[in-house]
2 protein chains.
Amino acid sequence: MNERTHLCGNLTESMIGQTVQLKGWVKKRRDLGQVIFVDLRDRAGIVQVVFNVEENPEALETAEQIRNEYVIEVTGTVIKREAGTINENLATGTIEVTADHVSILNRSKGLPFMIEDDSDASEDVRLRHRYLDLRRPEMQNTMKLRHQTTKFIRDFLDEEAFLEIETPMLNKSTPEGARDYLVPSRVHPGSFYALPQSPQIFKQLLMVSGFERYFQIVRCFRDEDLRADRQPEFTQVDIETSFLGKEDLLAMMESMMTKLLKKVKGVDVEGPFPRMSYNEAMERYGSDKPDTRFEMELVELSELVQDSGFKVFSSTVENGGAVKGICVKGIADDYSRKDLDALSSVVEVYGAKGLAWLKIESETEVKGPIAKFFDETKQRALIDTFAAEAGDVLFFVADKRSVVNDSLGALRIKFAKDLNLIDYNQFNFLWVTEFPLLSYDEDADRYVAEHHPFTRPVKEDEERLTSEPENVRAEAYDLVLNGYELGGGSQRIYERELQEQMFQALGFSDEEAKEKFGFLLDAFEYGTPPHGGIALGLDRLVMILAGRDNLRDTIAFPKTASASCLMTNAPGEVDPGQLDELQLSVNVREDEQTESQASEE
Amino acid sequence: MNERTHLCGNLTESMIGQTVQLKGWVKKRRDLGQVIFVDLRDRAGIVQVVFNVEENPEALETAEQIRNEYVIEVTGTVIKREAGTINENLATGTIEVTADHVSILNRSKGLPFMIEDDSDASEDVRLRHRYLDLRRPEMQNTMKLRHQTTKFIRDFLDEEAFLEIETPMLNKSTPEGARDYLVPSRVHPGSFYALPQSPQIFKQLLMVSGFERYFQIVRCFRDEDLRADRQPEFTQVDIETSFLGKEDLLAMMESMMTKLLKKVKGVDVEGPFPRMSYNEAMERYGSDKPDTRFEMELVELSELVQDSGFKVFSSTVENGGAVKGICVKGIADDYSRKDLDALSSVVEVYGAKGLAWLKIESETEVKGPIAKFFDETKQRALIDTFAAEAGDVLFFVADKRSVVNDSLGALRIKFAKDLNLIDYNQFNFLWVTEFPLLSYDEDADRYVAEHHPFTRPVKEDEERLTSEPENVRAEAYDLVLNGYELGGGSQRIYERELQEQMFQALGFSDEEAKEKFGFLLDAFEYGTPPHGGIALGLDRLVMILAGRDNLRDTIAFPKTASASCLMTNAPGEVDPGQLDELQLSVNVREDEQTESQASEE
């Protein structure tokens with residue numbers, strides 16, 4: 001017998017007495033001299049294998065050579081463990097396998113770190129030996145969850161008559177938003193392909209083609225400076241539909257997400273999901289992706305404080321700025337004056353000049369450095385406005401409205417985490433709608449699209465596209481889950497004239513528009529249906545479902561913050577002949593090379 | 001009512017009397033003055049809509065403005081067609097919809113070609129307007145078939161406990177085989193990523209990680225000079241397993257393919273598939289991917305002709321070459337001497353110096369320019385060897401054995417097509433096994449891997465890896481369908497020592513091996529299980545299932561033979577700023593640019 005008969009993790013008491021053949025990795029080995037215990041691991045789980053001198057001295061001899069992570073093949077008999085030796089932490093803990101025969105299929109040298117979930121190895125070491133890191137149960141489970149998630153989404157969309165259609169990876173560069181990754185062409189020297197930031201244009205063209213329901217789980221690329229929650233390549237669940245109104249699309253996505261949560265997490269989430277306009281989200285939560293698992297909302301105080309004696313507040317309001325605050329419950333005794341002052345650094349990142357605070361002494365009285373600027377009535381009004389209680393602390397920012405919202409939004413999140421206010425078993429979905437279509441980019445000295453240039457303006461704002469572009473709302477919707485933007489979608493422009501107006505609003509000349517997107521403008525003239533869609537970030541979705549907070553943990557072979565693979569050392573130098581074929585030369589500026597190498601450390 | 005209630009193609013007689021709302025494209029419009037007929041098309045099919053002056057003059061008025069490919073929304077009633085007007089070519093041909101209301105959702109200008117399967121537009125025009133070309137029913141059906149195929153494969157592998165795991169697109173360049181597409185790194189100036197030619201190393205590392213059953217439907221890239229059946233980016237069904245012997249893997253693939261054919265084509269194919277060694281395939285069919293739907297096998301004649309009077313034959317055999325032939329049935333009267341002589345051009349492509357032929361006159365006699373070199377016994381022996389009959393023609397090539405096989409193999413295929421010998425409803429699977437592990441590359445002056453450097457040698461040939469590398473067989477298997485190589489797989493090397501020997505056989509220095517594949521060699525030392533896998537070309541599979549002979553017809557947005565997209569004009573020039581950020585410069589050699597542009601026309 002040399003075929004595996006069972007998986008370790010699938011053995012049960014019903015198999016007691018059976019002869020089995022197992023293959024897998026030695027997770028642990030305990031040598032008691034006359035008897036050796038081996039925890040044998042395969043993809044299904046772990047079972048204990050016993051080598052006993054009385055039963056089988058030959059197998060015991062081989063077992064003596066075995067070390068952790070050796071790959072072995074064991075033939076033996078399933079037996080019931082004795083009462084005192086049952087391992088309740090193991091699914092197979094009531095049984096074990098007595099070995100009749102064992103072969104070593106491959107050896108392992110000493111590991112750079114233990115294959116354990118609570119490995120204390122640095123992430124760098126784990127990434128360098130990713131093939132070992134992926135052996136950890138946590139990583140195995142996350143990859144399984146990722147598979148189940150994509151499988152479920154594909155099944156769901158197939159049921160809804162969507163076709164998965166692949167779009168090209170080698171495209172034309174039309175940077176509008178993030179930076180493209182370029183791919184030099186050998187056949188057309190001096191020309192370049194670009195890797196897709198999203199299949200946006202192709203999916204719209206598939207609607208022109210009459211497919212009506214397209215999806216694709218697809219790799220996308222952005223050459224941006226990376227943060228913890230970004231990767232240079234990421235995977236997107238890309239969806240586009242024709243003739244389907246916004247309401248139907250949102251309802252379909254709600255159905256998909258609630259069924260997904262039920263399927264892979266066993267969690268019940270109710271639809272329809274709450275909705276909130278972009279403005280409301282910014283005003284109440286200081287974020288366009290609010291985490292609604294806790295309250296601590298931002299409170300508007302501009303009116304209340306404009307005639308207070310505190311000049312910083314009143315003059316901010318006079319100059320068109322805003323004053324807002326949050327109330328953090330019951331922390332007054334735990335935060336010293338010094339602690340509270342130190343929190344300024346949190347808001348300064350967002351451009352706020354300072355963070356003011358007041359402790360609530362009683363139902364009628366506040367205390368703190370700025371308390372003296374508020375008379376009794378004002379103090380009472382503040383307390384009432386926040387519905388604050390003794391022991392709470394109020395925090396204030398006075399600045400441009402956007403700075404106020406951003407900085408208090410960030411402070412809100414910080415407190416929620418520090419004070420452990422978040423219920424991590426909760427899954428709070430939220431649609432954020434009515435985003436601005438355009439925003440003014442000071443550097444580029446022109447308007448840029450908040451989502452992308454193909455997003456449709458809200459009907460009643462259409463005529464403002466030329467006259468007051470900053471006040472046009474987009475027919476767009478972001479799906480937010482627990483404070484993360486899961487994805488965004490919109491109804492699209494499908495008329496050539498409106499698309500041309502949009503390009504004009506973005507400052508494109510007619511030539512530019514034609515050069516970059518002429519084929520799309522042309523396509524719009526051949527019977528383009530009304531259409532819209534959405535794209536969801538798969539890595540982030542899996543990260544939330546897995547209860548992780550690092551995108552890298554959801555990707556089998558991720559890149560570091562400097563877009564490197566520590567295992568393969570990509571990117572790397574290439575053969576001069578390869579560059580010669582591409583008719584390219586590298587002119588690395590010395591200083592930058594040194595800098596970049598230094599930052600790699 | 002402004003929500004679509006039904007799809008055009010789904011309307012049936014059971015809906016007669018119902019009010020429906022349809023949305024779709026005007027396929028055809030016939031204006032008879034008092035009545036207008038519109039064939040309305042959506043993703044499900046076509047239905048006839050009638051606008052009648054008596055029923056609804058307002059709708060008729062709008063219908064008068066309608067032209068082909070307009071997008072419209074129609075509300076109306078399903079009615080039974082009168083007996084004489086039933087259209088048997090249409091699934092909905094027994095009913096029609098009388099319009100109560102119609103709105104034009106979008107207009108279309110005149111089309112560059114008709115949306116018909118038998119469009120006579122050139123492929124260039126169709127590719128330039130691919131969004132219109134994809135409206136053709138044939139293209140819609142092929143994309144549907146492609147979706148069904150990938151869906152089936154995913155379902156099948158999920159059932160077999162495989163996990164789909166994504167591997168990176170931005171990798172290190174380790175060209176060994178085809179040319180890599182490179183992606184310059186901005187963060188690491190002077191360094192490059194490479195797009196994957198296949199996820200080979202990553203899938204092996206996933207086996208080191210203990211996933212045991214991995215698959216991925218994944219985009220791969222090869223920067224090669226293109227032929228009709230190649231694309232710069234292509235999609236692969238990539239599979240890898242641990243602890244699964246070759247026989248089990250092959251049986252699993254047979255099960256997958258037979259069930260797929262049943263599911264998407266309704267065709268019954270029996271497993272197990274026949275197997276043939278590489279040598280046998282070359283000798284009998286002159287191809288390592290023989291089309292076994294017809295016979296006309298190559299016949300060995302070296303012994304028979306070595307002492308004939310025909311010097312060309314006898315001296316070839318004397319010098320270690322071979323003489324082989326094929327017998328083409330019943331064509332003697334249809335091919336003149338000139339026709340037969342002209343066939344030399346077919347074999348000359350493969351390096352053959354000429355093509356000899358003989359017509360069979362009777363059971364005992366041959367005729368033709370070389371007949372005189374064969375005495376009566378030899379003529380009879382020839383006829384017997386081929387089991388030839390009067391009216392057949394024998395063709396002969398005398399040359400190096402590989403030239404003989406290649407050229408007669410090509411001639412065999414040509415005749416099968418010209419004479420219509422192929423049953424296109426047949427699906428002939430075949431495993432080709434025992435490929436040579438290595439072949440000698442004259443240009444590189446070293447051995448190169450026939451499959452890839454990770455393929456395992458056949459056990460009993462292992463010790464010849466150093467002494468006679470050309471005589472080592474690979475533990476590899478290609479899956480052939482109807483003369484196409486659907487894909488190939490192998491058992492892999494999983495021991496560091498053997499992998500190092502393989503790299504040595506390929507002429508890698510230790511440093512080179514370490515620089516390129518050091519992480520893999522390291523990984524092999526941490527408990528790597530025996531593993532093997534296979535990769536199938538999805539584009540080619542869909543092409544065969546769809547009964548097409550052009551890969552481009554199976555890809556939504558394909559590239560031309562010069563790796564261009566005629567619709568978007570990719571690749572294209574990029575902004576100098578983009579190159580500056582990458583610290584790259586283009587040095588196009590003038591002559592080549594002109595040449596390349598010229599070849600583009």
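Small disclaimer: the values here were computed from a predicted structure and weren't measured.

A. View of the sheet that holds strand S21 (residues 484-491) of chain B. Across the sheet, 8 strands lie side by side as S6-S9-S10-S22-S21-S20-S17-S11 (chain B); this open sheet has mixed pairing. Only two strands of the sheet have a single partner each, and these edge strands are strand S6 (163-164) and strand S11 (275-277) of chain B.

B. Main features of the interface of chain B and chain A. At the junction of the two partners, chain B supplies 127 residues and chain A supplies 127 residues. In total, chain B and chain A occlude about 11100 Å² of area from one another, counting both sides; carbon and sulfur atoms represent 56% of this. Among the residues chain B hides against chain A, the three largest losses belong to Tyr 131, Tyr 526 and Gln 583 of chain B. Together they make up 7% of the total. Asp 580 of chain A is the partner of Arg 589 of chain B in a salt bridge, and the nearest nitrogen-oxygen pair spans 3.5 Å. Where chain B packs against chain A, one counts 74 residue pairs in polar contact (both at pLDDT 80 or more). The element that contributes the greatest number of residues to the side of chain B that touches chain A is helix H4 (residues 137-159) of chain B, accounting for 9 residues. Class assignment of the residues belonging to the side of chain B that touches chain A gives a composition of 57 nonpolar, 31 polar and 39 charged. Taken together, the 3 bridges between strand S23 (residues 584-586) of chain A and strand S23 (residues 584-586) of chain B define a ladder with antiparallel strand orientation. Bridge pairing links Ser 585 of chain A to Ser 585 of chain B in S23 of chain B.

C. Representation of the domain arrangement of chain A. When the domains of chain A are assigned, the result is domain 1 (8-106) and domain 2 (294-422). A straight line from the C-alpha centre of domain 1 of chain A to that of domain 2 of chain A covers 62 Å.

D. How the structure looks around the relation of the copies chain B and chain A. When chain B is brought onto chain A, the operation consists of a screw motion whose angular component is 180° and whose axial shift is 0.0 Å, with 0.1 Å RMSD remaining. Overall, the copies show the geometry of a two-fold rotation axis. Of all interface residues in chain B, 100% are interface residues in chain A too; the two copies therefore contact each other through one and the same surface.

E. Looking closely at the environment of Gly 489 of chain A. Residue and element names in this part refer to chain A. Relative to the elements of secondary structure, Gly 489 occurs in strand S21 (residues 484-491). For Gly 489, a relative accessible area of 4% translates into the label buried. As for Gly 489 and Thr 433, which are separated by 56 residues in sequence, their C-alpha atoms are 9.8 Å apart.

F. Looking closely at the packing of aromatic side chains. Applying the stated criterion across every chain, the model contains 43 aromatic pairs over all chains. Measuring from ring centre to ring centre gives 6.4 Å for Phe 454 of chain B and Phe 503 of chain B, while their planes differ by 90°; the resulting arrangement is edge-to-face. You can see Phe 454 of chain B sitting in the loop between strand S19 (446-449) and helix H14 (464-467) and its partner Phe 503 of chain B sitting in helix H15 (residues 496-505), a full 49 residues away along the chain. Members of the aromatic cluster, joined through ring pairs, are Phe 310, Phe 313, Phe 373, Phe 374, Phe 386 and Phe 396 of chain A. Sitting above the plane of the Phe 508 of chain A ring, Lys 516 of chain A keeps its charged end 5.1 Å from the centroid.

G. The nonpolar core, seen in detail. Counting 118 residues, the largest nonpolar core has Leu 195, Leu 205 and Leu 206 of chain A together with Leu 195, Leu 205 and Leu 206 of chain B as the members making the most contacts within it. If sequence neighbours within four positions are ignored, Leu 206 of chain B has contacts with Leu 134, Ala 556 and Phe 557 of chain A together with Ile 165, Thr 167, Phe 211 and Tyr 214 of chain B. Phe 156, Phe 215, Ile 217 and Phe 273 of chain A belong to the second largest nonpolar core, which has 37 residues in total.

H. Structural context of the packing of helix H4 (residues 137-159) of chain A against helix H17 (residues 538-545) of chain A. All names here are of chain A. The geometry of H4 relative to H17 is characterised by a closest axis approach of 10 Å and an angle of 120° between their N-to-C directions. In terms of orientation, H4 lies oblique with respect to H17. Between H4 and H17 lies a crossing of right-handed hand. Contact residues: Thr 142, Leu 145, Arg 146, Thr 149, Thr 150 and Ile 153 in H4; Leu 538, Asp 539, Leu 541, Val 542 and Leu 545 in H17. Taken together, the residues of the contact of H4 with H17 break down into 6 nonpolar, 3 polar and 2 charged.

I. Focus on helix H6 (residues 246-265) of chain A. Residue and element names in this part refer to chain A. Look at H6: 28 Å from first C-alpha to last across 20 residues, which is about the 28 Å you get at 1.5 Å a residue. Those residues of H6 lying buried are Leu 249, Leu 250, Met 252, Met 253, Glu 254, Met 256, Met 257, Thr 258, Leu 260, Leu 261 and Val 264. Just past H6, the residue Gly 266 takes up positive phi, approximately 65°.

J. Broad picture of the UniProt feature "site: Important for tRNA non-discrimination" (unreviewed entry) in chain A. Per the UniProt record, "site: Important for tRNA non-discrimination" (unreviewed entry) is annotated on Gly 84 of chain A. Owing to a relative accessible area of 78%, Gly 84 of chain A belongs among the exposed residues under this scheme.

K. View of the side chain of Gln 491 of chain B. Mapped onto the elements of the fold, Gln 491 of chain B is located in strand S21. Contacts of Gln 491 of chain B, omitting those with residues within four sequence positions, involve Leu 244, Gly 245, Lys 246, Leu 249, Phe 454, Thr 455, Arg 456, Glu 475, Tyr 477, His 531 and Gly 532 of chain B.

L. How the structure looks around the pairing of strand S19 (residues 446-449) of chain A. Residues and elements named next belong to chain A. Here strand S18 (residues 438-441) pairs with S19 via 4 bridges, running antiparallel. Bridge pairing in S19 links Ser 439 to Val 448. Hairpin connection from S18 to S19: 4 residues lie between these consecutive antiparallel strands, with Asp 445 at a positive phi of about 55°.

M. Local environment of the side chain of Asp 133 of chain A. Relative to the assigned elements, Asp 133 of chain A resides in helix H3 (residues 130-133). Here Arg 126 of chain A takes part through its side chain, which lies 2.8 Å from a polar atom of the side chain of Asp 133 of chain A.

N. Region of the structure containing the UniProt feature "binding site: L-aspartate" (unreviewed entry) in chain A. Residue and element names in this part refer to chain A. Summarizing the sequence annotation, UniProt attributes the feature "binding site: L-aspartate" (unreviewed entry) to Glu 176, Arg 222, His 451 and Arg 492 in the numbering used throughout. A relative accessible area of 33% means that Arg 222 is categorised as partly exposed. Ignoring anything within four residues of it in the chain, the contact list for Arg 222 reads Ala 178, Arg 179, Tyr 181, Gln 197, Pro 232 and Phe 234. Within the secondary structure, His 451 sits in the loop between S19 and helix H14 (464-467). Residue His 451 is classed as partly exposed on the basis of its relative accessible area of 28%. There is a polar contact of 3.0 Å between the side chain of His 451 and the side chain of Asp 478.

O. Molecular detail of the packing of H4 of chain A against H4 of chain B. Look at H4 of chain A against H4 of chain B: their axes get within 11 Å of each other, and the N-to-C directions meet at 140°. Comparing the axis directions of H4 of chain A and H4 of chain B gives the class oblique. Two packed elements cross with a definite hand, and for H4 of chain A against H4 of chain B that hand is left-handed. Touching His 147, Lys 151, Arg 154, Asp 155 and Asp 158 of chain A of H4 of chain A are His 147, Lys 151, Arg 154, Asp 155 and Asp 158 of chain B, all from H4 of chain B. Counted by class, the contact of H4 of chain A with H4 of chain B contains no nonpolar, 2 polar and 8 charged residues.

About the cut-offs
Residues numbered from 1 in each chain as written. Chains lettered and ligands numbered in written order. Predicted model: local features only at pLDDT ≥ 70, side-chain atom pairs only at ≥ 80, totals over all residues. Heavy atoms only, no water. Pairing = 2+ DSSP bridges. Helix = DSSP H or I, 4+ residues; strand = E, 2+ residues; numbered from the N terminus. Contact = heavy atoms within 4.5 Å. Buried area = accessible area lost by both parts, 1.4 Å probe. Salt bridge = Lys/Arg side-chain N within 4 Å of Asp/Glu carboxyl O. Polar contact = N/O pair within 3.5 Å; in protein donor to acceptor, adjacent residues only side chain to side chain. Nonpolar A, V, L, I, M, F, W, Y, C, P; charged D, E, K, R; others polar. Domains from an automatic or database assignment. Least-squares fit on C-alpha atoms with pLDDT ≥ 70 in both. Buried < 20%, exposed > 50% of the residue type's maximum accessible area, 1.4 Å probe, protein only. Phe/Tyr/Trp six-rings, centres within 6.5 Å; stacked < 30°, edge-to-face > 60°. Lys NZ or Arg CZ within 6 Å of the ring centre and 35° of its normal. Core = buried A, V, L, I, M, F, W, Y, C linked by side-chain atoms within 4.5 Å. Axes fitted to C-alpha atoms, helices over the stretch in contact; angles between N-to-C directions. Parallel < 35°, antiparallel > 145°, perpendicular 65-115°, else oblique. Left-handed = near helix turned anticlockwise from the far one by under 90°. Expected span 1.5 Å × (residues − 1). UniProt positions renumbered as here; feature names shortened; annotations may be inferred.

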